[in-house]
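# Chains, contacts and geometry: an overview
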Number of protein chains: 2
Amino acid sequence: MKEFFDCLKCKECGRTYPKEAQHVCEFDFGPLEATYNYHKLKKYVTRQLLESGPHSMWRYEAFLPLEESPTVGLHTGMTPLIRAHRLGKVLGVKELYIKNDAINYPSLSFKDRVVSVALSRARELNFSIVSCASTGNLANSLAANAASSGFKSYVLIPADLELAKVIGSLVYKTKVIGIRGSYDKVNRLCSEIAGKYRWAFVNVNFRPYYAEGSKTMGFEILEQMGWEIPDHTVICMASGSLLTKIDKAYREAIICGLVEDKPYAIHGAQALGCNPITAAFKKGTDLIRPVPNPSTIAKSLAIGTPADGFYAIQTIRRTGGFSEDVNDLEIIEGIKILAETEGIFAETAGGVTVGCAKKLIEKGHIPPSGKIVLCITGNGLKTADVLKDHLQPIQIIDPTIQDFDKIVAL
Amino acid sequence: MKEFFDCLKCKECGRTYPKEAQHVCEFDFGPLEATYNYHKLKKYVTRQLLESGPHSMWRYEAFLPLEESPTVGLHTGMTPLIRAHRLGKVLGVKELYIKNDAINYPSLSFKDRVVSVALSRARELNFSIVSCASTGNLANSLAANAASSGFKSYVLIPADLELAKVIGSLVYKTKVIGIRGSYDKVNRLCSEIAGKYRWAFVNVNFRPYYAEGSKTMGFEILEQMGWEIPDHTVICMASGSLLTKIDKAYREAIICGLVEDKPYAIHGAQALGCNPITAAFKKGTDLIRPVPNPSTIAKSLAIGTPADGFYAIQTIRRTGGFSEDVNDLEIIEGIKILAETEGIFAETAGGVTVGCAKKLIEKGHIPPSGKIVLCITGNGLKTADVLKDHLQPIQIIDPTIQDFDKIVAL
């Protein structure tokens, strides 16, 4: 909201910038971030005000970098927070919750949050073409939201993405461009294009607006927990942005007096086949070593040079969290255990989160007491193919009670 | 709710039955239906009361056939009703809405509504094994909800279902049994099994409870329209049950004084490759001629002997609606047009609804003025494969700005 959204500010040197389509500091190339007038914000927001807002992420509009009312993605957010008794039992913890963005509107991932903000801002700044570099979910969301709000759109993805994610973009009539090479090559190309064309690249020149959308997942968790910060939050990491923004939401909620200030730990989760942040964390360094050739079934997390990796590590360290990683089999195990116990079908990234949470609990980084939230970010139908060879087979019979009796007796 | 839920009653002869796991009248084999004490209900429900309920289908609990509070599917329903300006323009109508159950919780179809009621009732009646005959969506929903609530489950499906729907059931560790033959053979087998095993077959012996869940889609439409019955509602038909239950919700809302009593039309939509209800309607008969070998990409609607077909025709006729059908290409066109204009990716059944609505408007059965609601019942990721050869191709390039420039210039 105009009253609270101040300016963009370099995360490194603190230089301020006007609220334009810019994402990098001209002096030190630090990332720009949206900043707010917390003095005013604190006076304005109350639990009651937020609870009486729309049943969507936009009840937290005061914390988002727009000047007018949102115009894109009005139904996004306020996804369920599930008390996961059955999964908690399996993992050996007392109070477990799942924040479930696998059922986000319209495109079934947390990316609907960031795209809603970025496209609303793109409209404010009079852009008519929107674009992104994506590992799949972002492409789906950009395409869907661009279609419903009348933007022309281009999405750039690694050429080898899951078919469901490709079809789940093409159907909206966006132009899908497959790039030969990893996501990092796609991303670099997008930076070049953003310098040449006047397009709103949601995760390049619009990144300061875009990234703030992730905070709403954090605010919703707090409200749905009864205005309390969970002791442990486990978040999967691609660029690392989501993790830093959920933490930012927690801190903003403290600043504004919405929740009590108390210790909390933020934990990171990556796939072993592309674990630059976890590897650096475990080594005890801030220096992130790029993964040139990611190799994991969690393609949505396969970012070898994570833009916010440094900040994610800082957040995990500052809060006393830990960063973990899991291999492909553990990812599949994570997907299955979540589905079997809670009826939630998550994509591979969700398998990473559950798998890493399991390890963090086993190793004692997350104690069995305390309130734990796992963030599920995308829907299992998008990556269903990975399960093909890992499920009990379907039994095929003739339509007779005799055949059926035999099956049941097994 | 116990206070309002009276008994089961034969739709044909009106004989009443206790609230057990029974679905057919012993005298005339008519279907049993849940009935309520409308005198009491009318005194109890108000718009304000309903609006202050949970953000789920359970705000309409008073209209559902349970005796205690629901225990399964607490997050289901209250899916968005979207004002579809852009699709309305393409179809040439002024005020169009999409009721979007493609994003229902947990399994992305309207079946989550019926399963929530059936499984909650199964618990009340002390069943521990739940089952169903399904064309896919119901299997997904039963499996997901059984997993999260601790029922053992079996789902029976035609052996040739879409892979996404098979995986989307197997992942929850339900026992999936594929039957060689059409859905109708699956259904007949399930009736036999239900007579032999003490299982809660949600759409056989629990059908009177199950079917009532669909009413919540109707109540939500009314509330989201500002407590007004839309002039035209277009609903796809498999068994025909959903259509009759949305109408029942409208009538109950009138009885209880929640909406003004005014004329409204309910329109049915089927796939040409399995159109027993539409064919009968168009012939002007009530006699439904079974389709022995359905052949359509809308597999979720491929029920050749629709259990509620007769009642669906009655409803359509009574309200002055019409019943239409579309071929496979029109279904795909319907999916695409909805995605391109509103950013909503529906499964093939949704393509049937949109395609039929288009025809109904073109033929004048639905006039360009008036409020029109299209009911979208399932998610496009479940049937994405049908689109493979019907979308513009993805363009593949090397990660260079030169290659990109060439693509954009095209």
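Here the residue index of a chain counts from 1 through its sequence in written order. Here the convention is simple: chains get letters from A, ligands get numbers from 1, in the order in which they are written. Predicted model: local features are reported for residues with pLDDT of at least 70 only, side-chain atom pairs are reported and counted for 80 or more only, and whole-chain, interface and lining totals are derived from all residues. Here the side-chain values reflect all heavy atoms present in the structure, with hydrogen atoms and water set aside.

Looking at an unreviewed UniProt entry, one finds chain A named Threonine synthase, with Candidatus Methylacidiphilum infernorum as its source organism. UniProt positions are given in the numbering used here, feature names are shortened, and annotations may be inferred rather than shown by experiment. As recorded by UniProt, the Cofactor (unreviewed entry) comment attached to chain A reads in full: "pyridoxal 5'-phosphate". Per UniProt, chain A carries the Sequence similarities (unreviewed entry) text "Belongs to the threonine synthase family."

The subject of this paragraph is the overall build of chain A. On a plain count of helices and strands, chain A comes out with 15 helices and 14 strands. Here chain A has a C-alpha radius of gyration of 21 Å; the compact-globule value for 410 residues is 22 Å, and the two agree. Taken along the three principal axes of its C-alpha coordinates, chain A extends 75 × 45 × 45 Å. Type-normalised accessible area, obtained with a 1.4 Å probe on protein chains alone, sets the label of each residue: buried when under 20%, exposed when over 50%, and partly exposed for intermediate values. Residues classed as buried in chain A amount to 66% of the 410 residues present. Considering only contacts in chain A between residues 6 or more positions apart, those separated by 24 or more positions represent 71%. Roughly 14200 Å² of accessible area belongs to chain A as shown, and the carbon and sulfur atoms make up 51% of that amount. Only four residue types enter the charge count, namely Lys and Arg as positive and Asp and Glu as negative; His and the chain termini do not. Where a charge lies is defined by one atom per residue type, namely NZ (Lys), CZ (Arg), CG (Asp) and CD (Glu). Each charge sign in chain A was given a centre, from 48 positive and 44 negative side chains, and these centres are 3 Å apart. What counts as a helix is a DSSP run of H or I of at least four residues, what counts as a strand is a run of E of at least two, and both are numbered from the N terminus. When we talk radius of gyration, it's over C-alpha atoms, and the globule rule is simply 2.2 Å times the number of residues to the 0.38. In what follows, a contact means two residues having at least one pair of non-hydrogen atoms within 4.5 Å. Note on areas: Shrake-Rupley, 1.4 Å probe, and residue coverage restricted to the protein chains presented here.

Looking now at the sheet that holds strand β3 (residues 32-36) of chain A. In spatial order, the strands read β2-β1-β3 (chain A); together these 3 strands make up an open sheet with antiparallel pairing. Bordering the open sheet on either side are β2 (16-17) and β3 of chain A, each of which pairs with just one other strand. A pair of strands is considered paired only if DSSP assigns at least 2 bridges between the two.

Here we come to the packing of helix α15 (residues 401-409) of chain A against helix α7 (residues 183-196) of chain B. Only the contacting stretch of a helix is used when fitting its axis, a line to C-alpha atoms as for every element, and angles between N-to-C directions run 0 to 180 degrees. Here α15 of chain A crosses α7 of chain B at 60°, and the two axes come no closer than 10 Å. What the angle tells us is that α15 of chain A and α7 of chain B run oblique. Here α15 of chain A and α7 of chain B pass one another in a crossing that is right-handed. Taken together, the residues of α7 of chain B that come into contact with α15 of chain A (itself represented by I401, F404 and D405 of chain A) are L189, E192, I193 and K196 of chain B. Just so you know how the angles are binned, under 35 degrees is roughly parallel, over 145 roughly antiparallel, 65 to 115 roughly perpendicular, and the rest oblique. A clockwise turn of the near helix away from the far one marks a right-handed crossing, whereas an anticlockwise turn of less than a right angle marks a left-handed crossing.

For the rest of this paragraph, the subject is the relation of the copies chain A and chain B. For the pair chain A and chain B, the superposition axis carries a translation of 0.0 Å, the fit reaches an RMSD of 0.0 Å, and the rotation angle comes to 180°. Such a combination of turn and shift is consistent with a two-fold rotation axis. Both copies share a contact surface, since 100% of the interface residues of chain A are interface residues in chain B too. A residue counts toward the fit only if its pLDDT is at least 70 in both copies, and the copies are then superposed by least squares on the C-alpha atoms of those residues.

Let's shift gears to the interface of chain A and chain B. At the junction of the two partners, chain A supplies 72 residues and chain B supplies 72 residues. When two parts are brought into contact, each loses some accessible area as probed by a 1.4 Å sphere; the total of that loss over both is the buried area. Across the interface of chain A and chain B, roughly 6300 Å² is buried in total on both sides, 69% from carbon and sulfur atoms. Any Lys or Arg side-chain nitrogen located within 4 Å of an Asp or Glu carboxyl oxygen qualifies as a salt bridge. Applying the counting criterion to the chain A and chain B interface returns 6 salt bridges. Salt-bridge contacts for K196 of chain B lead to D405 of chain A; the nearest nitrogen and oxygen are separated by 2.5 Å. Pairs of N or O atoms are called polar contacts if they sit within 3.5 Å, as long as, within protein, a hydrogen donor faces a hydrogen acceptor (for residues adjacent in sequence, only side-chain-to-side-chain pairs). If you look at where chain A meets chain B, you find 21 residue pairs in polar contact (both at pLDDT 80 or more). Across the side of chain A that touches chain B, the residue classes break down as 43 nonpolar, 15 polar and 14 charged. Looking at chain direction, strand β8 (residues 175-179) of chain A and strand β14 (residues 395-397) of chain B are connected through 3 bridges and run parallel. Looking across to β14 of chain B, one finds that I179 of chain A is bridged to I397 of chain B. Under the scheme applied here, ten amino acids are nonpolar (Ala, Val, Leu, Ile, Met, Phe, Trp, Tyr, Cys and Pro), four are charged (Asp, Glu, Lys and Arg), and all others, including Gly, are polar.

The next subject is the nonpolar core. Grouped together as the largest cluster of nonpolar side chains are 309 residues, with contacts concentrated most on L156 of chain A together with L156 of chain B. Ignoring any residue separated from it by four or fewer positions in sequence, one finds L156 of chain A in contact with S131, C132, A133, S134, I177, I179, V186, L189, C190, I193 and F201 of chain A together with F404 of chain B. Within this scheme, the nonpolar core is defined by two criteria: the residues are buried Ala, Val, Leu, Ile, Met, Phe, Trp, Tyr or Cys, and they are joined through side-chain atoms within 4.5 Å.

This brings us to the environment of K42 of chain A. Residues and elements named next belong to chain A. Looking at where K42 falls in the secondary structure, it is placed in helix α1 (residues 38-44). For K42, a relative accessible area of 49% translates into the label partly exposed. C-alpha separation for the pair K42 and G257, spaced 215 residues apart in sequence, amounts to 7.2 Å. Apart from the residues within four sequence positions on either side, K42 is in contact with I255 and C256.

It is worth spelling out the pairing of strand β12 (residues 323-326) of chain B at this point. Residue and element names in this part refer to chain B. Residues S323 and D325 point to one face of β12 and E324 and V326 to the other, with burial holding for every one of them. With 4 bridges connecting them, strand β11 (residues 265-271) and β12 associate as parallel partners. Bridge assignment links G268 to a residue of β12, and that residue is S323.

The next thing to look at is the sheet that holds β12 of chain B. All names here are of chain B. Ordered in space as β4-β5-β13-β10-β11-β12, the 6 strands form an open sheet in which the pairing is mixed. The outermost strands of the open sheet, each flanked by one partner alone, are β4 (81-83) and β12. Direction aside, neighbouring strands of the sheet carry axes that sit 25° apart on average. Relative to β11, strand β10 (residues 232-236) is paired through 5 bridges, and the arrangement is parallel. Opposite C236, over in β11, you have A269 as the bridge partner.

Inspection of helix α15 (residues 401-409) of chain B places I401, F404, I407 and V408 of chain B among the buried residues, and these make up the whole buried set. Seen end-on, α15 of chain B carries its buried residues on one side only, within an arc spanning 115°. Turned more than 90 degrees away from the buried face of α15 of chain B sit Q402, K406 and A409 of chain B, all of them exposed. Buried residues along α15 of chain B sit against β7 (152-158), β8 and α7 (183-196) of chain A together with β14 of chain B. Taking the helix axis as origin, the arc is that swept by the directions to the C-beta atoms.

Residue and element names in this part refer to chain A. Residue P106 is reached from Y105 by a cis peptide bond, and omega for that bond is 0°. Residue placement: P106 occurs in the loop between β5 (95-100) and α4 (111-124). Backbone geometry places W227, a non-glycine residue, at a positive phi of 55°. Counting through the fold element by element, W227 comes out in the loop between α9 (215-224) and β10 (232-236). Owing to a relative accessible area of 7%, W227 belongs among the buried residues under this scheme.

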